[in-house]
Amino acid sequence: MYTDNLNSDIQFLQGVGPKRAALLKKELEIETIGDFIRYYPFRYIDRSTITPIGEIRSESAYVQFQAQVLSVNVPAPASGGKMKRISAIVGDSSGQMELVFFKGLKYIQERLQVGSTWLFFGKPSYFNGRINMVHPEIDSPIVQGANDKSSGVMTGVYPSTEKLKNAGITGKVMNRLMSNALNLTLPEIKETLPDYIIRDKGLLPLKTALLNIHFPKDAYSLDKATYRLKFEELFFLQLSLLKQKYVRSRAEQGLPMPKVGKAFNDCYNALPYELTGAQKRVIREIHTDLKSGHQMNRLLQGDVGSGKTMVAVLSSLIAIGNGYQACIMAPTEVLSQQHFANISKYLAPTDVKVALLTGSTKASERKKIHQGLLDGSIGIVVGTHALIEDTVQFKNLGLAIVDEQHRFGVEQRARLWNKTVGGIPPHVLVMTATPIPRTLAMTLYGDLDVSVIDEMPPGRKPVLTMQITERRRYALNKFMKDQIALGRQVFVVYPLIFESEKADYANLEKGYEKLVEDFPFPPYKVAIVHGKQTNDEKNFNMSAFAGGRAHILVSTTVIEVGVDVPNASVMVIESAERFGLSQLHQLRGRVGRGSDKSYCVLVRGDKVSKESAKRLDLLCQTEDGFVLAEEDMKMRGPGDLEGTQQSGLPVSLNIASVAKDGRILQDARDYAEKVLESDPLLSSQRNEPLVQELGKDKYRRDDFSNIS
Ligand code: ADP
Ligand code: MG
């Protein structure tokens, strides 16, 4: 009789039942027994390494030790309040250590009975002259001699939650349930990879890998199992992305743009500077796409100041030269205006008409632009997402460029696809200044072609970056005044974090008032821009600064994207510890664009967290956005990065990490490419298992060409 245990509801697994099943579903999103066996340990208790407390140093990495609870201290809560913390002293024959807990206190209190012995695992820290440990993990102790030889020396520890533990699903129970699940389902497990890939890559068969990942015999078999499962996961992710890209590029016809055209040449020949090698290469890559007869879907990455605007302009002119229109979308009003001003300048030597369309374009003007786009008299339109409203119709939109793409939703991009010419959608170029580590880009944008501008225009001066605290405010003011006396301008940026918006606005206001006091009019002029102003106010202040009429621009992060004021030589970032690394880097990119020596001053609190301090140090050490992005990813590690970014990944990852498994990822991508090269539609018999796996729900993505 055929039974399908893999797809049965988790409640039917021996030892689970409806109550626990509900929890497993809610807490861990485990619905079936098949899901359960794909829930892997995040670490292993290695019974062979237990460190005596006396040998633990504060700088040790994670350690495991076994100790008896000697005393537990539960400070009385403030009247009516809740328990805030628990500390316990534990000891073994070599010494004692304090453990501190802030969360799950009831559970901790119940477990840590004085006299009981536990296996602890955690990272030691140094506090008040002593070594302690905050929130170690707690497991049943290892009993000498009672070690079940058949289970090996390593026991899997599964990610868990307080609720699961409270419901009795402890580490031990998880191990037992997993053993039940594997016994039940192993005979049913089908290999997901074709034989030839298993052989070619020297992988463990899936059954063996699953058995070993949960119950490893030794470190070697665990490594093999881990590799097999990571490879499988990343391989299918890449295969699904590449297949989609492949199918789309075949299926979607592209508007043919074989020529370069007169407008391109007129603009090119009048350029005030020579394009960088990288700019030239990228324009060639784009033109190759535009000529190909297939639709272009390309991501252009380039650090702030690398000259993406010029690439956008010249690409647009190729579209024009072939009889089509182009649009350039920016995320903000201010940025659209700036683009418009720059682009108009570049287009002066051509006869191409360019228009600006944003939310604040007056109705009469808007009507004219709509008309011009419909009859084709306007060649290029620059603007915010007002551009993609349904009322905007083009005669023949051939190329859509999206600047700072991370600010646009997929849905907004999708609207572009409706602006078709005879049913053929425009080519799409998305530009981003946020350097993304290569491995992450491969995954986030795996279905796009990627071009990188990896070279800065010549003559860029390095920006001297330094950090100071409030104590040096006076010196900072003096420095700003010196720079202003030299004819330079200064940005002052305040953090604006969504959760603390109110307090942040208050800080901004206070900072502004203080600045106006320290830099009185006359002679000083201080402008301010923030999100609560009307568009008119914003524009007035922005253009006062851009036009050189204000010396200082105080703002929230609205200036983060794009604005170009070459005369600004100082970037002051207040409460710098509250910004992320890539944000800080973006902000710093606003200066150093002119010929003057430029500075970035990070004003930080006296006491900042270790991570913040490291971020600020890194920023002072390098200006390479890709290095910073890599470091950022490493620093935030799988926890943060994957907590937040993973949701942006096309498929959620169970075991592999984009941050840590770069090499396997590259390998998996290369291999997926190879497979598709020899069998683009995966129609051969031997690739049948691949088609099976890709048919699963989790690989079904919304292709944005299909969203209306
Ligand atoms: P991005 O949008 O990539 O941050 P921009 O396109 O705003 O960068 O360019 C930054 C500055 O560099 C602009 O002032 C632009 O005029 C200038 N620029 C662009 N390309 C070159 C080049 N090849 N040589 C010199 N300056 C350039
Ligand atoms: Mg730009």
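From a predicted model like this one, the values you see are computed outputs, not experimental measurements.

The rules behind these values
- Residues numbered from 1 in each chain as written.
- Chains lettered and ligands numbered in written order.
- Predicted model: local features only at pLDDT ≥ 70, side-chain atom pairs only at ≥ 80, totals over all residues.
- Heavy atoms only, no water.
- Axes fitted to C-alpha atoms, helices over the stretch in contact; angles between N-to-C directions.
- Helix = DSSP H or I, 4+ residues; strand = E, 2+ residues; numbered from the N terminus.
- Parallel < 35°, antiparallel > 145°, perpendicular 65-115°, else oblique.
- Left-handed = near helix turned anticlockwise from the far one by under 90°.
- Contact = heavy atoms within 4.5 Å.
- Nonpolar A, V, L, I, M, F, W, Y, C, P; charged D, E, K, R; others polar.
- Pairing = 2+ DSSP bridges.
- pLDDT = per-residue confidence, 0-100.

### Overview of the packing of helix α8 (residues 219-251) against helix α22 (residues 662-678)
Phase 1: Here α8 crosses α22 at 50 degrees, and the two axes come no closer than 8 Å. Regarding the angle of α8 to α22, the classification is oblique. Here α8 and α22 pass one another in a crossing that is right-handed. When α8 is examined against α22, the residues Y227, K230, F231, L234, F235, Q238, L239, L242, K243 and K245 are found in contact with a partner set consisting of I664, L665, D667, A668, R669, Y671, A672, E673, V675 and L676.
Phase 2: When its residues are assigned to classes, the contact of α8 with α22 shows 13 nonpolar, 1 polar and 6 charged.

### Considering the sheet that holds strand β7 (residues 130-134)
Phase 1: Read from one edge to the other, the open sheet built from 7 strands follows the order β6-β7-β4-β3-β2-β5-β8, with strand pairing classed as mixed. Here the strands that pair on one side only, and so sit at the sheet edges, are β6 (124-127) and β8 (137-139). If you compare each strand with its neighbour and ignore which way they point, the axes differ by 45 degrees on average.
Phase 2: The sheet contact formed by strand β3 (residues 86-92) and strand β4 (residues 95-101) spans 7 bridges and is antiparallel. The partner of A88 across the bridge, within β4, is L99.

### Some words on the confidence of the model for the protein chain
Phase 1: Taken as a whole, the protein chain shows an average pLDDT of 86; of its residues, 92% reach a score of 70 or greater.
Phase 2: Element-level pLDDT for the protein chain is lowest in helix α21 (residues 625-644), with a mean of 62, against a maximum mean of 97 in helix α11 (residues 308-321).
Phase 3: In this model, residues 638-647 is a region of pLDDT below 50 whose contacts with residues beyond four sequence positions or in other chains number 16 contacts.
Phase 4: For residues 703-708, every residue scores under 50 in pLDDT, and the model assigns this stretch 15 contacts once sequence neighbours within four places are set aside.

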